[in-house]
Amino acid sequence: MNDKNYREAILVFGNYHPDLPIATQDENEFVVELLTGGLINQTFKVSSPLASPFLLQQINHHVFTKPEEVQQNYIYIWEYAEFEFTGLHLPAPIYFNKTKSLFIDTKGNYWRAFEFIDDARMLTLAEKPAQAKATAKAFAKFTSAFDEFNVDLLKPVIPGFHNLSFRYLQFEEAVNGEFYERMPKSLPLIEELKKRERYKDFYEFVLESPDEFPKRVMHHDAKIANALFSKKSGKVICLVDFDTVMPGYFFSDSGDMIRSMACSVDESSTDFKNIAVRKDFYLAITEGYLSAMKEQFTAAEKKNIHSVGLLMIYMQALRYLTDYLNGDVYYRVNYAEQNFDRAKNQLILLQKLELYLEKEFHFKV
């Protein structure tokens, strides 16, 4: 609690109670706990004797260059979920005056606050197919709830985030970049990724077919760590971390869950021989997602449901190898070849998924 701006935000949010005659508290009356797990924003649990605990979060404005749009997106979806009878629970934003929920401190840092969800625990890994299925169903229910929402209200807070054409262009530019010493080792991976340019072509077909593949409200960071599970019942209470919510397409959330939960190892693992598709997890994710989206999905989206993992794994392989060829400027690395290893990991997973889908479903993009 020694940071002045940190104290500013706690005092501003912690002492605003429009409906209660509550006394003003000083900084020593607040108990602050740093919550781990987030890679982008810093999040704290704030408690005090006179009020309910709340979450305080500093938005990383280096990653999210327009924090106002991030927060406005959330207000749009929270109000819609709350007042349009969606049955969806999103953590309520906390205001520090009647109309404002985004606080800018004296050093230009951006802060916001949310209700604290009791009886909640976060999982970092899906240990059972049932957990993967519940997570997939929760993300599908989220998108399904916004089927009649005006998706154009949402700002693209990270332009090109899941744009496969853009990622492929970045990859091509990196191949022709200046880190020549990294090229010889990368050539086999480059060749394999170029052989799969058809995934980019399919993505462009999606963009060109708005009736068959409409824009939807997508979370864009669909992982089990962003679903809160009840400690008592084991069921999903709600989703969290909506910073990347923006218009997107059917493959983003379900594809990322297949990428992160259906693989036998972590994406940073170098145990390449043991990379495999966990079939029971793949089926759990696919079935869970379809169970909540089957009424909203178009015939084309249903027909191409097995493309989602292929697109997202391919995109991530491109991104890791691009960063390696650019000298590791985006992803944090713990050793010199880590981005290369991550790209290799994702390429092997992609190859394994291709074989599985062709054998079990006769599916190929």
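See the structure shown above.
Here is a short report on the structure shown in this document. Since we're looking at a predicted model, the values are computed, not measured.

We now examine the packing of helix α10 (residues 308–325) against helix α11 (residues 338–361). Two numbers describe a pair of packed helices, the interaxial angle and the distance between the axes. Packing of α10 against α11 leaves a shortest axis separation of 8 Å and a crossing angle of 160 degrees. Comparing their axes, α11 and α10 come out roughly antiparallel. Our pair here, α10 against α11, has a crossing hand that is left-handed. In contact with Gly 309, Leu 310, Ile 313, Tyr 314, Gln 316, Ala 317, Tyr 320, Leu 321, Asp 323 and Tyr 324 of α10, α11 contributes Asn 339, Phe 340, Arg 342, Ala 343, Gln 346, Leu 347, Leu 349, Leu 350, Leu 353, Glu 354 and Leu 357.

With respect to the element layout, Asp 280 can be found in helix α8 (residues 279–293). In sequence terms Asp 280 and Phe 83 are 197 residues apart; their C-alpha atoms lie 37 Å from each other.

Evaluated as defined, the whole model comprises one cavity of 30 Å³ or more. In this model, the largest cavity occupies a volume close to 30 Å³. Lining the largest cavity are Ile 258, Ala 262, Cys 263, Val 277, Ile 313, Leu 349 and Leu 353. Of the residues in the lining of the largest cavity, the class split is seven nonpolar, no polar and no charged.

Attention now moves to the packing of aromatic side chains. Aromatic rings in a pair are described by how distant their centres are and how their planes are angled relative to each other. The full count for this structure, using the stated rule, is 27 aromatic pairs. On the basis of an interplanar angle of 75 degrees and a centroid distance of 5.6 Å, the ring pair of Phe 96 and Phe 103 is categorised as edge-to-face. With relative accessibility at 16%, the residue Phe 96 sits in the buried group. A connected cluster of aromatic rings, assembled from ring pairs, spans Phe 202, Tyr 203, Phe 205, Phe 213, Phe 250, Phe 251, Tyr 289 and Phe 297. Above the face of the Tyr 199 ring, Arg 198 is positioned so that its terminal group lies 4.8 Å from the ring centre.

Once that is clear, we can look at helix α2 (residues 67–83). Taking 1.5 Å per residue as the helical rise, α2 with its 17 residues ought to reach 24 Å, and the 24 Å between its terminal C-alpha atoms agrees with that figure. Those residues of α2 that fall on the buried side of the exposure criterion are Pro 67, Val 70, Gln 71, Asn 73, Tyr 74, Ile 75, Ile 77, Trp 78, Tyr 80 and Ala 81. Those residues of α2 that are buried lie in contact with β3 (51–59), β4 (93–94), β6 (110–115) and α3 (129–145). Just beyond α2, the residue with positive phi is Phe 85, at close to 55 degrees.

Our focus in this paragraph is the nonpolar core. Core analysis: the biggest nonpolar cluster contains 90 residues, and Ile 77, Phe 142, Phe 146, Phe 251, Tyr 289, Leu 321 and Leu 353 have the highest contact counts within it. Among the elements that line this core, the one with the most residues is α10, at 13 residues. Filtering out sequence-adjacent residues up to four positions away, Tyr 289 remains in contact with Ala 136, Lys 137, Phe 139, Ala 140, Thr 143, Met 218, Asp 253, Ser 254, Met 257 and Phe 297. Counting 13 residues, the second largest nonpolar core, distinct from the first, contains Tyr 6, Phe 30, Val 46 and Leu 56.

This next bit is on the environment of Phe 64. Considering the arrangement of structural elements, one finds Phe 64 in the loop between β3 and α2. Residue classification places Phe 64 among the buried residues on the basis of a relative accessible area of 4%. A sequence separation of 203 residues divides Phe 64 from Glu 267, and the C-alpha atoms of the two residues are 24 Å apart.

One way to put it is that helix α5 (residues 183–194) packs onto α10 with a least axis distance of 11 Å and a crossing angle of 160 degrees. For the element pair α5 / α10, the angle class is roughly antiparallel. Relative to α10, α5 is oriented so that their crossing is left-handed. Counting all contacts with α5, which are made through Met 183, Lys 185, Ser 186, Leu 189, Ile 190 and Leu 193, the residues of α10 involved are Tyr 314, Ala 317, Leu 318, Leu 321, Tyr 324 and Leu 325. Grouping the amino acids of the contact of α5 with α10 by side-chain chemistry returns 10 nonpolar, one polar and one charged.

Cut-offs and rules
Residues numbered from 1 in each chain as written. Predicted model: local features only at pLDDT ≥ 70, side-chain atom pairs only at ≥ 80, totals over all residues. Heavy atoms only, no water. Axes fitted to C-alpha atoms, helices over the stretch in contact; angles between N-to-C directions. Helix = DSSP H or I, 4+ residues; strand = E, 2+ residues; numbered from the N terminus. Parallel < 35°, antiparallel > 145°, perpendicular 65-115°, else oblique. Left-handed = near helix turned anticlockwise from the far one by under 90°. Contact = heavy atoms within 4.5 Å. 1 Å grid on protein atoms, 1.4 Å probe; cavity = no way out; pocket = protein on both sides within 12 Å on 5 of 7 lines; lining within 4 Å. Points joined across faces, edges and corners; volume = space filled by probe spheres on them. Nonpolar A, V, L, I, M, F, W, Y, C, P; charged D, E, K, R; others polar. Phe/Tyr/Trp six-rings, centres within 6.5 Å; stacked < 30°, edge-to-face > 60°. Buried < 20%, exposed > 50% of the residue type's maximum accessible area, 1.4 Å probe, protein only. Lys NZ or Arg CZ within 6 Å of the ring centre and 35° of its normal. Expected span 1.5 Å × (residues − 1). Core = buried A, V, L, I, M, F, W, Y, C linked by side-chain atoms within 4.5 Å.

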